[in-house]
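Okay, here's what each chain looks like letter by letter:
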Amino acid sequence: MSDDRFHIYDTTLRDGAQQQGLSLTVADKLAIARHLDTLGVGFIEGGWPGAIPKDTEFFKRARTELTLNNAQLAAFGSTRRPGLHAAEDPQVIMLRDSLAPVVTLVAKSHHRHVEKALKTTLRENLAMIADTIGFLRAGGQRVFLDAEHYFDGYLSDPHYAIEVVRTAMAAGADLVALCDTNGGMLPDQIAEIVSAAIASGARLGVHCHDDSACGVANTLAAVDAGATHVQGTANGYGERAGNANLFSVVAGLQLKKGFQVVSGDRLGEMSRISREISRIVNVPPDSHQPYVGASAFAHKAGLHASAVKVDPMLYQHIDPLLVGNDMKMIISEMAGRASVELKGRELGIDVTRDRAVIGRVAEQVKDMEARGYNFESADASFELLLRTALGEQHEYFTVSSWRVTVERDANGAVTSQASVKLTAQGSTTVAAGGGDSPVRALDNALRAALEETYPELAGLTRTEYRARVLEAPSAVTRVVLECADGDRVWSTVGVNQDVITASWEALEQAVTYCLLRAGRSAAPAACLVPAG
Ligand SMILES: [Zn+2]
């Protein structure tokens, strides 16, 4: 179990799941919990047993299906209803029966919310807090209190807000997590209000939202002011603008503030875990997410690249490896020779000594980008270009011709038929293929023509197809094709006035790249150039 003196408390499964469009099954929740445990968080809030059937089931299944090495599970729930004893409130009983080692109780701490939303007296609200905590503590569970709307409440009535903190601590809560429920606070306000509550002698935590774009900054400000428990969600998931991003909070605490909140090798897993969780929740990863995003350490401008080549840390705030991320060069018309050299290195191709090739490729990229190509998201096309400039051979096949027809029948059904004539490893083939679109038909015909010579192409799948009409310099279409083969993913680009021809160019390159990665030799046995 992790150190109890400082808590990293994750609420992805409860508060994060409030994000619009995000819906988690119990299996998803169990899988996410395992990843969070691997990262080394101290607490995982599993949901609200009793109030949400899926959450009740989560706690039930977690008892047999979830082995946690670092984290403890926390059940979330509310203080008892006004006018009842805690022992009579079914919702509180369910919290006890969840058998979670920790219960996080949400309570009102803003006097107007007590009076208007809860419709009870300020005194009864304090009694509800004390009574519920006392009941759960008597059953042996630890209790954290989430003080809802604390910061807004403090600004409106500081005495009552502090009284909520005092009451919870006196009743046996481990700590009170002050919540910026509306997410509108700024770091200086957070620091001031946390400091005032610390003066009451309480152990404090903080729960921030990102509505003022300060979720992470506010969390770190609270820690500076003395909070020793931070709440957040994986990738900042949450309703509205999201919650404080727990990954940024952990990285900030550990790499910038000297806290040892997770072990160093766990921190190195963070980028992978971030991507895994986004895959489970089915929300595309934000490439610009700090620390863990695919573009978090991507350099595009040629000037940056020259400096990065001398010393990567000149343009980076941390070594990306610390969070399991990578520096990445983005090849574009802004790229200079240094970008080409660094991108080559990233792709495992050493071009350092070949100055002429570097210059030629940089010029070629500029020229092609002016015609509508874009290599930013087409690493495979760039790699083929670079390898070709270095004299490597990738002519696994030579296409003589292709054709495609699209037909709409009397019932309105649209189908495409394609044929491809090509020569591979010395033999010429003509093959046909059909599909529900011209690109699919061409793809099938190309595979049919190559399947005997290159059976490994059976594992190639097209995962994404994007076409965009560019206005300048003349109306052309750019197609970016993403393909995958097992766990490898690559993208290629094609440009033409005709969308089918642009697609074909991207397709031919995708197949060529697949064969290159498979270690195929480009020519009959006599060729000595290694293809891998
Ligand atoms: Zn919240």
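Caption draft 1: Layout of the domain arrangement of the protein chain. When the domains of the protein chain are assigned, the result is domain 1 (7-267) and domain 2 (299-366). Between domain 1 and domain 2, the C-alpha centre-to-centre distance is 43 Å. Tallying the contact residues gives four residues for domain 1 and five residues for domain 2. Of all residues in domain 1, L255, K256 and L267 give up the largest surface area on contact with domain 2, accounting jointly for 92% of the area buried on that side. The interface formed by domain 1 and domain 2 includes zero salt bridges. Where domain 1 packs against domain 2, one counts one residue pair in polar contact (both at pLDDT 80 or more).

Caption draft 2: Structural view of the nonpolar core. In terms of nonpolar packing, the biggest core is built from 87 residues, with Y150, L178 and M270 touching the most fellow members. Setting aside residues no more than four positions away along its own chain, Y150 makes contact with S109, A161, I162, V165, L178, C179, I193 and A197. One finds A424, L457, A502 and V511 within the second-largest nonpolar core, a separate group that totals 34 residues.

Caption draft 3: Just a nonpolar patch on the surface, in detail. Taken together, the side chains of V310, L314 and Y315 define a hydrophobic patch exposed on the protein surface, amounting to about 320 Å² of accessible area. In this fold, L314 is placed in the loop between α13 (302-310) and β10 (328-329). Judged by relative accessible area, which is 53%, L314 ranks as exposed.

Quick notes on the rules
Residues numbered from 1 in each chain as written. Predicted model: local features only at pLDDT ≥ 70, side-chain atom pairs only at ≥ 80, totals over all residues. Heavy atoms only, no water. Domains from an automatic or database assignment. Contact = heavy atoms within 4.5 Å. Buried area = accessible area lost by both parts, 1.4 Å probe. Salt bridge = Lys/Arg side-chain N within 4 Å of Asp/Glu carboxyl O. Polar contact = N/O pair within 3.5 Å; in protein donor to acceptor, adjacent residues only side chain to side chain. Core = buried A, V, L, I, M, F, W, Y, C linked by side-chain atoms within 4.5 Å. Buried < 20%, exposed > 50% of the residue type's maximum accessible area, 1.4 Å probe, protein only. Patch = residues over 30% accessible without salt bridge, like charges linked within 9 Å, V, L, I, M, F, W, Y side chains within 5 Å. Areas by Shrake-Rupley, 256 points an atom, 1.4 Å probe, with all protein chains shown as cover. Helix = DSSP H or I, 4+ residues; strand = E, 2+ residues; numbered from the N terminus.

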